[in-house]
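Chains, contacts and geometry: an overview
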Amino acid sequence: MTEIEDFAGPFWEGLNRNEFRVPSCDDCGTVVFPPGPICPECGSDELTWGEIDPVGTLHSVTQQHRTPPGFDSPIVLGMIDLDAGPRLLSPIDAEYEQLSIGDRVRIEAVDYDFAFDRGPRADDPFFTAVVVDDV
Ligand SMILES: [Zn+2]
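Quantities reported herein were computed from a predicted structural model and do not represent experimental measurements.

1. Thoughts on the environment of D27
Secondary-structure assignment places D27 in the loop between β1 (20–25) and β2 (47–52). Expressed as a C-alpha distance, the spacing of D27 and G43, which sit 16 residues apart in the sequence, is 9.4 Å. Once you skip the residues sitting within four places of it in the chain, D27 turns out to touch C39, C42, S44 and E46.

2. Brief notes about the domain arrangement of the protein chain
Looking at the assigned domains, one finds that the protein chain contains domain 1 (1–52) and domain 2 (54–135). Listed by partner, the interface residues are nine residues for domain 1 and twelve residues for domain 2. The class makeup of the residues in the side of domain 1 that touches domain 2 is six nonpolar, three polar and no charged.

3. Comments concerning the sheet that holds strand β3 (residues 55–64)
In spatial order, the strands read β5-β4-β3-β6-β7; together these five strands make up an open sheet with antiparallel pairing. At either margin of the open sheet sits one strand with a lone partner, and together these are β5 (87–91) and β7 (126–131). Strand-to-strand twist across the sheet, computed as the mean angle between neighbouring axes with direction ignored, equals 40 degrees. Inspection of the sheet shows strand β6 (residues 104–110) paired to β7 by six bridges, in the antiparallel sense. Bridge pairing in β7 places V110 opposite F126.

The rules behind these values
- Residues numbered from 1 in each chain as written.
- Predicted model: local features only at pLDDT ≥ 70, side-chain atom pairs only at ≥ 80, totals over all residues.
- Helix = DSSP H or I, 4+ residues; strand = E, 2+ residues; numbered from the N terminus.
- Contact = placed C-beta atoms within 7 Å.
- Domains from an automatic or database assignment.
- Nonpolar A, V, L, I, M, F, W, Y, C, P; charged D, E, K, R; others polar.
- Pairing = 2+ DSSP bridges.
- Axes fitted to C-alpha atoms, helices over the stretch in contact; angles between N-to-C directions.

This is the structure:
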């Protein structure tokens, strides 16, 4: 039987400590998010996990009124360009009307307290973005 490797395991272990751990490519330096087994830029499988400061800039923002199970409704979602390189989709803990493209944000771990079965991630936190002024 083939074992399925948990490529994202160190990410969730880090989030449990409010650390944002991601793999970086040993060959070209790309920070890989979401975590995966190969570098999406050069195809290398030589990746090393490390912690980054998850601050970045709001690239786009929307408010969804019909959301998947396990998420607030409505929910504010943003595409965030992390200073370390990756662009990620994240909930944002802010009022939609208060946000502007270019706002500085930080990703933080938050308790996941919805009655939704996340399977092996059931005991892990989730993450959200908060607006920060000083970075
Ligand atoms: Zn690479």
